[in-house]
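# Coordinates in review
Residues per chain are reported as follows:
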Amino acid sequence: MKKVFATALGMAFGLTSLSAMAADEVTLQLKWVTQAQFAGYYVAQDKGFYEDADLDVTINPGGPDIAPPQVIAGGGADVVVDWMPSALASREKGVPLVNIAQPFAKSGMELTCLKDTGITSPNDFPGRTLGVWFFGNEYPFLSWMSKLGIPTDGSDKGVTVLKQGFNVDPLLQKQADCISTMTYNEYWQVIDAGIPADDLVVFKYEDQGVATLEDGLYVMEDKLKNPAFVDKMSRFVAASMKGWTWAKEHPEDAAQIILDNDATGAQTEKHQIRMMKEVGKLLSTDGVLSEDAYTRTVDSLLSGGSDPVITKKPEGAWTHVVTDKM
C-alpha cells in the first residue's frame, strides 16, 4: 500500500513538474528603464496574468546604451518594445522587425521650450538650439523639421541640434531653447525642477500633425512563420493588455508594482503615479494596430525631403495575425 501511495505521489509530483515546465518562455526587452511607461507588463507579471496564459515571462529593462532592434537581432529577446520610426528605420537597414501589437495609440512626444526665449510657434525655431534624443528617438523630430522645411545643420535658417541626454539639464542650464520631453516623464521633471507650467511653451507632436507611433511590440519576421510562436505571442499580448487595463484603472497600485521592480531605486512614488496617469491617456483599448495610424506614421517618415527617415514604403512591417488570435 505504501509503495502504491509513494508511486502515486511521485506521479503527482511528476505531473506538477511537467505542468510547470510547460509554460512557454518569453523574453521581453523594454525600450527604457523600469518605469510606469511599461507598467502593463509588470502588472501582468505581478498579477499572474502571464501565468494564467501559461507563460513564463522575463522582462529586461532598457537603458541609454540598449537598442531593442539590436537586442532582438542578436537573439537576446523574443519581443521588444520600440517606437515605430526606429523599428521601420531598422527594418530598412536589414533588421526585419514586424509590429504585432500597438498598446500605445497616441504619441507622448513633445518639444518643451522656455517662454522667455520668445518662441511661440515652430516659425520661431530657425536660429535656435533644440535638444533631441538619439538612439532611434531622433526620427520623429527629423521628420518634423523636414516637413517644416527647417534644416538641422546649425545654419542661420536652420536649427542647431543638441544631442540631448535622457534628462532635462539642457533646458535648466539654458544650453538649449527647447528640449525633447514626454508628456508622462521629462515634462514633469522640468516642473519638479521649479519651472512652472506658465513659464513653458509646449509643442505636442500630436497637435503638430507629425505624431508617429510609439511603444509598439515587435518580433522578428521569420518567427511569425511558426504557428506555435504566433499562439505564444497572442497569449502574451492578451495578457499584457489585461495588465495595461488594470494599470490604467489602478494607477497608484501600478506605480507601487513599478517601484517593487525598480532595482535601481531611482524612481519615486509621486513621479510614477503621475506617469501612470499620463500614460493611461495614450493607451489603446485592445492593442490592435490602427492601419490609419500606421499609414500616418509612414507618410510622416517618408516626408523627409532629401533626408527621409525611410526611403520607401515598407512591405510586411506589421501584421494582425497575433491580435486576431486573441
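Okay, so let's go over this structure.

What counts as what
Residues numbered from 1 in each chain as written. Predicted model: local features only at pLDDT ≥ 70, side-chain atom pairs only at ≥ 80, totals over all residues. Heavy atoms only, no water. Helix = DSSP H or I, 4+ residues; strand = E, 2+ residues; numbered from the N terminus. Rg over C-alpha atoms; globule rule 2.2 N^0.38 Å. Buried < 20%, exposed > 50% of the residue type's maximum accessible area, 1.4 Å probe, protein only. Contact = heavy atoms within 4.5 Å. 1 Å grid on protein atoms, 1.4 Å probe; cavity = no way out; pocket = protein on both sides within 12 Å on 5 of 7 lines; lining within 4 Å. Points joined across faces, edges and corners; volume = space filled by probe spheres on them. Nonpolar A, V, L, I, M, F, W, Y, C, P; charged D, E, K, R; others polar. Core = buried A, V, L, I, M, F, W, Y, C linked by side-chain atoms within 4.5 Å. Phe/Tyr/Trp six-rings, centres within 6.5 Å; stacked < 30°, edge-to-face > 60°.

Across its full length, the protein chain carries 13 helices and ten strands. For the protein chain, whose C-alpha radius of gyration is 22 Å, the value lies close to the compact-globule estimate of 20 Å for 326 residues. If you line up the protein chain on its principal axes, its C-alpha atoms span 90 × 45 × 30 Å. When the 326 residues of the protein chain are sorted by exposure, 51% land in the buried category. Long-range contacts, defined as pairs at least 24 residues apart, comprise 78% of the intrachain contacts of the protein chain with a sequence gap of at least 6.

A separate point is empty space enclosed by the protein. If a probe the size of a water molecule is rolled over the atoms, the empty space left behind becomes visible. Under the counting rule described, the total for this entry stands at one cavity of 30 Å³ or more. Of the voids in this model, the largest cavity is the one considered here, and its volume is about 220 Å³. Taken together, 18 residues make up the lining of the largest cavity; nearest its centre are K31, W32, W83, N137 and F166. Of the residues belonging to the lining of the largest cavity, the class tally is eleven nonpolar, five polar and two charged.

A separate point is the nonpolar core. Residues Y41, I100, F125, L217 and F236 are the most contacted members of the largest nonpolar core, which totals 67 residues. A per-element tally of this core places helix 9 (residues 227-249) first, with ten residues. The next biggest cluster of nonpolar side chains, apart from the first, holds 20 residues, and it includes V80, L88, A293 and V309.

As enumerated under the stated definition, the model contains eleven aromatic pairs in all. With a centroid separation of 5.7 Å and 75 degrees between ring planes, the pair formed by F104 and W244 is classed as edge-to-face. Placement of F104 in the loop between strand 4 (97-101) and strand 5 (109-114) and of W244 in helix 9 is noted, with a sequence separation of 140 residues between them. Given a relative accessible area of 1%, F104 falls into the buried group. Residue classification places W244 among the buried positions, given a relative accessible area of 1%. Consider the rings of Y187 and W188, whose centres lie 5.2 Å apart with planes at 85 degrees: the pair is edge-to-face. Looking at Y187, the relative accessible area reads 14%, which means it is buried. Connected via pairs of aromatic rings, a cluster forms that spans Y41, Y50, F104, F236 and W244.

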